[in-house]
Amino acid sequence: MYGLSSDDLELQDRARQLADELIPYEVEAELAGGHLPEELRAKHKQLASDRGLVATNIAVELGGHGCSMLQQVLVQEQAGRVTNALGWVMATPPAWWAQVATDFQRERWLLPTVRGEMSECYAITEENAGSDVAGLAATSRRDGDEYVIDGEKWHVTSYNEAAYVFVQAVLTDGPHAGEHAMFVVDLPTPGMRVVRTPAYSHSIGHEHPIVAFEGVRVPATHRVGAEGEGMVFAQEWFRFERLMVAARCVGAADRLLTEASAFAATRIIGETPLANRQLVQAMLADSLTELFAARSMLYETARGVGEGLDRKVQHARCSMAKLYASEMAGRVADRAVQVFGGRGYMRENVAERFYRELRVERIWEGASELQRVIVADQLAKRGVPALA
Ligand SMILES: Cc1cc2nc3c(=O)[nH]c(=O)nc-3n(C[C@H](O)[C@H](O)[C@H](O)COP(=O)(O)OP(=O)(O)OC[C@H]3O[C@@H](n4cnc5c(N)ncnc54)[C@H](O)[C@@H]3O)c2cc1C
């Protein structure tokens, strides 16, 4: 099905097996605020690394697995079957960086990240700039061989796990004043302060604090690419991550439907299985239909990206995949809660956890409204045949 090669199927199977081994730890993580004991987390990370499921997106020359875009999607789909972000151990280091990293940056951060020895986080969003990244207020001022960064960043995911953070800020001086630059900042660096760590709907071990940068000094060697290129990297990252969000949503919907239909087959109400009730059948049938549509779109989009489609077409297709898969998964989770009834409202139930966890998929990496704006813009510029 889907024209997957034997290599694709073997990798998919390896990822599925790891996901199946992580699933039994979900409830323990859920009831502990998302946190598993450190030695267990280390073991899970090691399993992912040993089985070739980390850095699938990185070239072999850099120590990664050089997987095709479709194969990367197949792995992330399996990661998405697991709640509480336990599947995130199948990590994808910043592939976009490999093309522009200096030798210094490669040795110091990128290669250790690919080897799984350290991880990164991203500080782009601010209190008054989320969807509109162009509206950032954080500044970076050149001072001799250094830059001085000031500002406050919101929702910095995995800050508590990361060894370094990518920070995007507006240049105050020089020929690129007013444009953006991207910097790598080691954690911790003097001048950085966690303002607070809010609680979010999901229970995952990765925190999302608000972080203040107060006169943070970084050597100029920590700048990624050239001055003024900050937005370019953000766009590269968004395109990749939107496809991976779509993959994880497809995986989540698959798990939800598998579990909800198994429950419906065995739950007897009025001497007949729930699965015989037509109103329940409708919920399951709609979910299956939408899952099939989302997966078909996801794989086709991944193939197109892998084959080097026009950048703008890739961008629009990744937006369509993210938009459709994230909204589809939300609907499937809602129906799954309904099929499970009261059990679906218990935190020990997969549908309850996904019902909360999947909500953010429609917000981060560009909210659904922004994806629609991108898709409509490309439709106006290129027409239907180029896009669908
Ligand atoms: C759990 C979590 C983790 C996150 N992790 C990170 C991270 O690691 N690093 C990081 O930098 N950011 C992170 N984010 C931030 C995330 O990317 C933003 O929340 C997202 O881009 C939306 O921005 P916003 O919250 O400022 O909403 P806003 O931009 O204020 O938007 C509010 C609403 O208005 C809508 N809207 C905005 N503009 C338009 C428009 N032009 N037309 C129609 N509707 C519009 C939006 O779709 C949304 O529904 C995270 C967010 C969450 C919730």
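Everything quoted here is computed from the prediction, not taken from an experiment.

Thresholds, definitions, all that
- Residues numbered from 1 in each chain as written.
- Predicted model: local features only at pLDDT ≥ 70, side-chain atom pairs only at ≥ 80, totals over all residues.
- Heavy atoms only, no water.
- 1 Å grid on protein atoms, 1.4 Å probe; cavity = no way out; pocket = protein on both sides within 12 Å on 5 of 7 lines; lining within 4 Å.
- Points joined across faces, edges and corners; volume = space filled by probe spheres on them.
- Helix = DSSP H or I, 4+ residues; strand = E, 2+ residues; numbered from the N terminus.
- Nonpolar A, V, L, I, M, F, W, Y, C, P; charged D, E, K, R; others polar.
- Salt bridge = Lys/Arg side-chain N within 4 Å of Asp/Glu carboxyl O.
- Buried < 20%, exposed > 50% of the residue type's maximum accessible area, 1.4 Å probe, protein only.
- Near = heavy atom within 4 Å.
- Polar contact = N/O pair within 3.5 Å; in protein donor to acceptor, adjacent residues only side chain to side chain.
- Areas by Shrake-Rupley, 256 points an atom, 1.4 Å probe, with all protein chains shown as cover.
- Expected span 1.5 Å × (residues − 1).

A. Representation of empty space enclosed by the protein within the structure. Within the structure shown, the criterion is met by one cavity of 30 Å³ or more. Approximately 40 Å³ is the volume found for the largest cavity. Taken together, the elements giving at least two residues each to the lining of the largest cavity come down to α7 (230-266), α8 (278-306) and α9 (311-340). Residue contributions to the lining of the largest cavity peak at four residues, all from α9. When its residues are assigned to classes, the lining of the largest cavity shows seven nonpolar, one polar and one charged.

B. Inspection of the pattern of salt bridges at higher detail. Considering all chains together, one arrives at 29 salt bridges under this definition. Salt-bridge contacts for Arg382 lead to Asp310; the nearest nitrogen and oxygen are separated by 3.5 Å. Here the residue Arg382 occupies a position in helix α11 (residues 368-382), and Asp310 occupies one in the loop between α8 and α9, the gap between them amounting to 72 residues. Residue classification places Arg382 among the partly exposed residues on the basis of a relative accessible area of 32%. Overlapping salt bridges bring together Glu26, Arg255, Glu259 and Arg353 as one network.

C. Local environment of the environment of Val337. Considering the arrangement of structural elements, one finds Val337 in helix α9. Taking the C-alpha atoms as reference, Val337 lies 28 Å from Cys318; in sequence the two are 19 residues apart.

D. Structural view of the site of the ligand. The environment of the ligand is formed by 16 residues, the closest being Thr125, Ser131, His155, Thr157 and Glu369. Contact distances for the ligand include 2.6 Å between an oxygen atom and a side-chain N or O atom of Ser131. Measuring from a nitrogen atom of the ligand, one finds a backbone N or O atom of His155 at 2.9 Å. Considering the ligand on its own, with 980 Å² of exposed area, one finds that the protein chains cover 63% of that surface. Of the residues that constitute the shell around the ligand, the class distribution is eight nonpolar, six polar and two charged.

E. α9, seen in detail. Compared with an ideal rise of 1.5 Å per residue, which puts 30 residues at 44 Å, α9 spans 43 Å between its outermost C-alpha atoms and is within 8% of the ideal. N-capping of α9 is provided by Asp310, with a side-chain oxygen placed 3.0 Å from the backbone N of Lys312. Looking one or two places after α9, you find Gly341, whose phi comes out positive at around 65°.

F. Here's a closer look at the environment of Ala163. Along the chain, Ala163 falls in the loop between β3 (146-153) and β4 (164-171). A relative accessible area of 23% means that Ala163 is categorised as partly exposed. The spacing of Ala163 and Val360 is 197 residues in sequence and 25 Å in space, taken between C-alpha atoms.

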